[in-house]
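Understanding the architecture of this molecule
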Amino acid sequence: MIARAAVLVLMLALAGGLFARRIGFLFRMVRLGRPVDRSGDLPTRLAREGSQVLGQRKLLQRLLPGLMHALIFWGFLVLLTTILEALGQAVSVDFALPLIGHAAWLGLVQDVFAAGVLVGLAIAAWIRLVQRPERFVGSHTVEAYRILGLILWIVVTLFGLRAARIADGLAATSTAWTPISTGLSHLFTWMGPGWQRFFVWAFLWAHLSLVLGFLVYLGYSKHLHILTSAVNVFLASTRPRGTLTPLKIDMDALEAGTQSLGAEKITDLTHKELLDLYACTECGRCQNACPAWNTGKPLSPKLLIMDLRDDLFREGADILRALREGGTHETRPLVPDVIDEDVVWACTTCGACMQECPVDIEHVDTIVDLRRYLVMGESRFPAEAGALLRNLENQQNPWGIAQSQRADWAEGLDVPLVDGAAPEYLYWVGCAGSFDDRAKKISRAVAELLQRAGVPFAILGPREACSGDPARRIGNEFLFQTLAEQNVETLNAAGVTKVIANCPHCFNTLRNEYPEYGGRYEVIHHTQLLEDLVRSGRLRPTEEVRTLLAYHDPCYLGRHNEIYDPPRDVLSRVPGVEQVEMPRHRERGMCCGAGGARMWMEERIGKRINDERMDEAASTGAGTVGVACPYCLIMLDDGARARGDEVEILDVAQVLRRALPDPAPAAAEPADLGQAH
Ligand code: SF4
Ligand code: SF4
């Protein structure tokens, strides 16, 4: 007994030492990054641990792979009890857990969940060997097999141990409650007691060696996620997904060289962005959902994370060594040495990757940090984006049209400008709705609907500057900050409290990002207000608008701010509108290609994203595509024209406007929007 205890202590010390050493190294590498505040919001964080980690909520959105993972994960939680039992039995063969060790239910739960792990492994093998989904392209598959193999041997030795113990008369619980282990015990019942005991010890030490070896191996493998994903989920941002982590620019720190503008090198990433690299399971769900990857661009959010992780492992040890020795280590630039420049610019910041990622990796923050350095640190960006930045700096809108023309869209509508104190609502029109001819029609429809419902509102007109969304998403945090501060000053001076925005990009920026700059307003999207107005009877759509309509979820309204129902609800109340869903809709809606300032960049590689989306819309047979975003309207309209389709792209407000009985303005637009193809 003493000898066995000594061996066990030796094994635990060795494995524990190696494990702690590796964890210490990994921890120090994360600490090389920039600090980021992820404190606070404890209830949300704990709830996420419950639903996402313990409940496997995100994974179970896809049934088969979700079930596979859940069976293995839940199985391992229960197997913690069998591991504790095995540790105790290594010293005293009769050991049982205190309090619950002899409970029949424990034996049953352990049997069932251990078998569940085997079922999970079988599903994993089926997925990887038979289904072979495209999402695994680029993942470390050999290592994944090694880990699955280790898990298999851990469970096999566990069942061997339990069966041999039952045969040897050492069962702690009633054998009637351990049907699988009892069934397997017949493999040993014909043997003599000496052999039975031999197998008890053989399986026990094999099991413990595998468990401890697995623990150590995890720290050195690319599949670190088993150790880090729960922490990563806990530290994930609790703000709406569309909110970027601000870059607090400190001029003194910049001059002293202690702060960098975004991520030039691996150590410029934040602690959370570096932890993300450990947490990636290489499952490829993000890659599968990425509109850039799916249209032939070089950007795969999974490969981006894997490449950055490889760089961290390549550079991290040298940096730490140099720091220990009081020196410095020359790290290479991430772009283009680790990440290709085309990868960085291909992102539409649609958030599909983050929506899918089971371990809450924040790809968009990382990509924007890479952009920030390129734009602010080196003035490097696609040539055509230069016009965007110049126009924003000089004219405060991406179109480069004089601000004095900002309210021209409202000509003849008698829309009031804010003069002194704002009325109940400030209608934030946005640059597209002010300057793009197609989007101006949305602004007019919204204004008319508000007037018809008697909603008191006014616009800022020439005093409204770009919200700063494209500046921030392209990486120019300075410019964003300037625009945000200017707008906040204007809005606060007018005493604005409620804002209606018809552009989801403005909506997201004003609602989620302006509070950092002192702008705290109740910001609603026009479809939310229209839903209220129709429900309360202040707007009564009575004219028939006959069409089959497919509603396209704008990323910054849907995924980024979880507003899916109001637009659909308004449309459902318009007589004659029959709705059909596109294959990718709601949380899984596909981007139109305009977000992340992509609206102002050429799409030179692969298929155009808006063409892909319009192909999908056309596959539904819809005669109308409904949108709730001026960017989506412009992009999808271009896509429809490229296809030569007669499909009409209309904002929800335009559809509702047509359904109101008002011969004067409505006569310009026919009520019958077209038929299904
Ligand atoms: S935000 Fe969208 S485009 Fe960018 S990497 Fe994620 S899925 Fe791809
Ligand atoms: S980033 Fe998330 S979704 Fe993408 S491969 Fe890694 S774990 Fe999977």
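Conventions we followed
Residues numbered from 1 in each chain as written. Chains lettered and ligands numbered in written order. Predicted model: local features only at pLDDT ≥ 70, side-chain atom pairs only at ≥ 80, totals over all residues. Heavy atoms only, no water. Helix = DSSP H or I, 4+ residues; strand = E, 2+ residues; numbered from the N terminus. Buried < 20%, exposed > 50% of the residue type's maximum accessible area, 1.4 Å probe, protein only. Contact = heavy atoms within 4.5 Å. Areas by Shrake-Rupley, 256 points an atom, 1.4 Å probe, with all protein chains shown as cover. Lys, Arg positive; Asp, Glu negative; His and termini not counted. Charge placed at Lys NZ, Arg CZ, Asp CG, Glu CD. Phe/Tyr/Trp six-rings, centres within 6.5 Å; stacked < 30°, edge-to-face > 60°. Lys NZ or Arg CZ within 6 Å of the ring centre and 35° of its normal. Arc of directions from axis to C-beta. Near = heavy atom within 4 Å. Nonpolar A, V, L, I, M, F, W, Y, C, P; charged D, E, K, R; others polar. Domains from an automatic or database assignment. Buried area = accessible area lost by both parts, 1.4 Å probe. Salt bridge = Lys/Arg side-chain N within 4 Å of Asp/Glu carboxyl O. Polar contact = N/O pair within 3.5 Å; in protein donor to acceptor, adjacent residues only side chain to side chain.

Scanning the protein for helices and strands turns up 29 helices and eight strands. By residue count, 57% of the 677 residues in the protein fall in the buried class. Summarising the internal contacts of the protein: among those between residues at least 6 apart in sequence, 79% fall at separations of at least 24. As displayed, the protein has an accessible area near 26900 Å², and 58% of this comes from carbon and sulfur atoms. Of the charged side chains in the protein, 68 are positive and 78 negative; the average position of the first set lies 6 Å away from that of the second.

With that settled, consider the packing of aromatic side chains. Each aromatic ring pair is described using two quantities: the centre-to-centre distance and the angle formed by the ring planes. For the structure on display, the rule yields 13 aromatic pairs. Between the aromatic rings of Phe-76 and Phe-214, the centroid separation amounts to 6.2 Å while the plane-to-plane angle is 40 degrees, which identifies the pairing as tilted. Taken as a pair, Phe-76 in helix H3 (residues 63-91) and Phe-214 in helix H7 (residues 193-220) lie far apart in primary sequence, 138 residues in all. Here Phe-214 falls in the buried class, since its relative accessible area comes to 7%. Pairing Trp-195 with Phe-198 gives two aromatic rings, centres 5.6 Å apart and planes at 80 degrees, and the pair type is edge-to-face. Placement of both Trp-195 and Phe-198 in helix H7 is noted, with a separation of three residues, approximately one turn of the helix. Members of the aromatic cluster, each reached through a chain of ring pairs, are Phe-188, Trp-195, Phe-198, Phe-199 and Phe-203. A cation over an aromatic ring shows up here: Arg-128 above the ring of Phe-136, its NZ or CZ 4.1 Å from the ring centre.

Quick look at helix H8 (residues 225-235) now. One full turn of an α-helix is made of 3.6 residues, so residues set three or four places apart face in the same direction. Listing the buried residues of H8 in full gives His-225, Thr-228, Ser-229, Asn-232 and Val-233. What you see down the axis of H8 is that its buried residues fit within an arc of 140 degrees, all on one side. Packed against the buried residues of H8 are helix H2 (42-54), H3 and helix H10 (271-279).

Next up on the list: the site of ligand 1. Cys-290, Cys-347, Cys-350, Gly-351 and Cys-353 are the nearest of the 13 residues found near ligand 1. When residues of the shell around ligand 1 are traced back to their parent elements, those giving at least two are helix H16 (352-356) and helix H17 (363-378). Residue composition of the shell around ligand 1, grouped by class: ten nonpolar, three polar and no charged.

A few words on the domain arrangement of the protein. Each assigned domain of the protein is listed with its residue range as follows: domain 1 (2-31 + 62-222), domain 2 (251-380), domain 3 (391-532) and domain 4 (543-666). Its C-alpha centre places domain 3 at a distance of 21 Å from the equivalent point of domain 4. Contacts between the two partners involve 31 residues from domain 3 and, on the opposite side, 33 residues from domain 4. Carbon and sulfur atoms make up 69% of the surface buried where domain 3 meets domain 4, a total of about 2800 Å² over both sides. Of all residues in domain 3, Arg-438, Arg-452 and His-505 give up the largest surface area on contact with domain 4, accounting jointly for 23% of the area buried on that side. Two residues, Arg-438 and Asp-638, come together in a salt bridge whose shortest N-O distance is 2.9 Å. On inspection of domain 3 and its partner domain 4, the count reaches nine residue pairs in polar contact (both at pLDDT 80 or more). Examining the composition of the side of domain 3 that touches domain 4, we find that nine residues originate from one element, helix H20 (residues 437-453), more than from any other. Of the residues contributing to the side of domain 3 that touches domain 4, the split by class is 14 nonpolar, eight polar and nine charged.

Overall, the coordinates contain 48 salt bridges when judged by the stated rule. In this structure, the salt-bridge partner of Glu-282 is Arg-309, at a minimum N-O distance of 2.4 Å. Of this pair, Glu-282 sits in the loop between H10 and helix H11 (285-289) while Arg-309 sits in helix H13 (residues 301-324); the two residues are 27 residues apart in sequence, bridging distant segments of the chain. By relative accessible area, which is 1% here, Glu-282 ends up buried. Put simply, Glu-612 and Arg-584 hold a salt bridge, and the shortest N to O gap is 3.2 Å. Note that Glu-612 is positioned in helix H26 (residues 609-618) and Arg-584 in the loop between strand E6 (577-580) and H26, a separation of 28 residues in sequence. Accessibility expressed as a relative area gives 27% for Arg-584, which makes it partly exposed. Because the salt bridges share partners, they merge into one network encompassing Arg-34, Asp-369, Arg-372, Asp-469, Arg-472, Arg-473, Glu-477 and Glu-513.

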